[in-house]
Amino acid sequence: MITQFLEDLENRIDVDVEEDLLCQWNNFLDGKQKTGFFSPNRKKQDPSSLEWPKISINDALEDFDLMALSQLAGCSDALAGGSGAIMNVRANYGTGILSSVFGAEIFVMDARLKSLPATRPLRGGVDTIKKIMDSGVPDLNTGYGERCFAMGKHYCDLFADYPKVSKYVRVYHPDLQGAIDICELLWGSELFVQFVDAPDLVHSFLKLIVETYIQFMHMWDGIIPSRGGHATHWGMMHKGHIMLRQDSAMNLSPAMFDEFIKPYDQQLLSEFGGGAIHFCGKGDHFIENLSQMQGVYAVNMSQPECNGMEHIFRHTVDKGIMLTGLRRDTAEEAINRGRDLRGRVHCW
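Residues numbered from 1 in each chain as written. Predicted model: local features only at pLDDT ≥ 70, side-chain atom pairs only at ≥ 80, totals over all residues. Heavy atoms only, no water.

Looking only at helices and strands, the protein features 16 helices and 10 strands. A compact globule built from 348 residues would reach a C-alpha radius of gyration of about 20 Å, and the protein, at 20 Å, matches this within 12%. The burial tally for the protein puts 53% of its 348 residues in the buried class. Long-range pairs, those at least 24 residues apart, make up 73% of the contacts in the protein between residues at least 6 apart in sequence. Per element, the accessible surface of the protein, about 14500 Å² overall, is 49% carbon and sulfur. Considering the protein, the positive charge centre built from 33 side chains and the negative charge centre built from 46 side chains are found 5 Å apart. (Helix = DSSP H or I, 4+ residues; strand = E, 2+ residues; numbered from the N terminus. Rg over C-alpha atoms; globule rule 2.2 N^0.38 Å. Buried < 20%, exposed > 50% of the residue type's maximum accessible area, 1.4 Å probe, protein only. Contact = heavy atoms within 4.5 Å. Areas by Shrake-Rupley, 256 points an atom, 1.4 Å probe, with all protein chains shown as cover. Lys, Arg positive; Asp, Glu negative; His and termini not counted. Charge placed at Lys NZ, Arg CZ, Asp CG, Glu CD.)

Look at helix α11 (residues 199-223) against helix α13 (residues 262-271): their axes get within 10 Å of each other, and the N-to-C directions meet at 20°. One way to sum up the angle between α11 and α13 is to call them roughly parallel. Crossing hand, α11 versus α13: right-handed. Taking contact as the criterion, the partners of His203, Leu206, Lys207, Val210, Tyr213, Ile214 and His218 in α11 are, on α13, Tyr264, Gln267, Leu268 and Glu271. Classifying every residue of the contact of α11 with α13 by side-chain character gives 6 nonpolar, 3 polar and 2 charged. (Axes fitted to C-alpha atoms, helices over the stretch in contact; angles between N-to-C directions. Parallel < 35°, antiparallel > 145°, perpendicular 65-115°, else oblique. Left-handed = near helix turned anticlockwise from the far one by under 90°. Nonpolar A, V, L, I, M, F, W, Y, C, P; charged D, E, K, R; others polar.)

A few words now on the pairing of strand β8 (residues 275-279). Counting buried residues in β8 gives 5 out of 5 residues, a clear majority hidden from the surface. Bridge analysis of β8 against strand β9 (residues 296-301) gives 5 bridges, and the strand direction is parallel. Pairing of histidine 278 across the sheet is with asparagine 300, part of β9. (Pairing = 2+ DSSP bridges.)

Okay, unusual backbone geometry next. Phi is positive for glutamine 177, close to 60°, though the residue is something other than glycine. Looking at where glutamine 177 falls in the secondary structure, it is placed in the loop between β4 (170-171) and α9 (179-187). The phi dihedral of tryptophan 234 falls on the positive side, at around 55°, and the residue is not glycine. Turning to its location among the elements, tryptophan 234 is positioned in the loop between β5 (230-233) and β6 (236-239).

This is how it looks when you write it as structure tokens:
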């Protein structure tokens, strides 16, 4: 079934249009836009003559072709609407990929919720964490790890006979979260007590998570090599190779950010040539600390209403760090009050 949809994409991809879009993104990332905000578009719309099926998230989790079809539907929508999103797909197994590799139980949501799976915290508290550390880096082909690698290979096989799809549809790395997020997923809410009661154990566990993260990413890169100095995530391009999540950081003070997040995310950024950082919720209390890490080229944040945006702008765009996927009304409000965004904000 998927062949006809791959052929549909191959026939609709216009090389000139895609090259123009890539040029727009590259100019933005190279700082060639000096004012306002960046909101790219394709030069034309190209709707499909096919009716692309709606694939349930739960069905996609169990079938590689359905996973690919569900992801490629977003690429078809980008062409049809003439959007400025880079066409991209991923092994879409939710936030618990790396935690499942460590043995966390996968929890698949009810299909009607249309939500990706997650994992449950490990049972046993400190004793379980110590046992995991004694075992060292886990087998990466456990949990959702095996499916991620297999899905990456499946994309390569599917795209092999379609040169334009291969070139212009990018396979971006799975959602591995960030070191602190994986630590919380595995340890559960007890982690916030252990920051105080057993900080050395937390540090040791974070070191193991980072080592595992690095090995996982290198294995992924062996399947889907990096495309030079740029990567895409959610249709947005950024410099560097990795996208880290710091959702757990909203619960920590700036001092705790420096102790329990900064050194570990810095190690990952340094290992993979820099990249972008995403956080949900409130982040204005740690954004200055985040901006001090080397290789942070972009920040993707949700819920600007939870943040003092002037403080965010001072420690991102004023320092040469791009803001990607910012809500358009937030950017427009800033411009209307005379705030210079320096051409470093992307909005849809």
